[in-house]
Amino acid sequence: MSDDCIFCRIIRGESPARIVYQDEQVTAFHTNSPRMPVHLLVVPNRHFDSVNQINEADAALIGRLFVVAARLAAENGIAVSGY
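Just so we're clear, the structure is a prediction, and the values are computed from it rather than from any experiment. (Residues numbered from 1 in each chain as written. Predicted model: local features only at pLDDT ≥ 70, side-chain atom pairs only at ≥ 80, totals over all residues. Heavy atoms only, no water.)

Peer 1: Could you give me a rundown of the overall build of the chain, with the residues and numbers involved?
Peer 2: Broken down by element type, the chain carries 2 helices and 3 strands. Start at the N end of the chain and walk to the C end: the helices and strands fall as α-β-β-β-α. Rg of the C-alpha trace for the chain: 13 Å, near the compact-globule value of 12 Å for 83 residues, within the 12% margin. Projecting the C-alpha coordinates of the chain onto the three principal axes gives extents of approximately 35 × 30 × 20 Å. Summed over its atoms, the accessible surface of the chain is roughly 5700 Å², and 54% of this surface lies on carbon and sulfur atoms. (Helix = DSSP H or I, 4+ residues; strand = E, 2+ residues; numbered from the N terminus. Rg over C-alpha atoms; globule rule 2.2 N^0.38 Å. Areas by Shrake-Rupley, 256 points an atom, 1.4 Å probe, with all protein chains shown as cover.)

Okay, structure coming up:
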């Protein structure tokens, strides 16, 4: 994790956030400036400076992001309307 990354600080509990889901791989939380009635961010718990750093070894982690996003969309009533 990075010391100066806001997402890493949220994951570690050092910055305030309304976390709605967290496991060993991903964390999901409400944004501070929502653009929609439901606006959640789902981020990996491991720091990436860029998507360009993601490789084949990260396939399960990236899949986990989408599984959690789909579950949270269903739980928040936006799975059908889009997310």
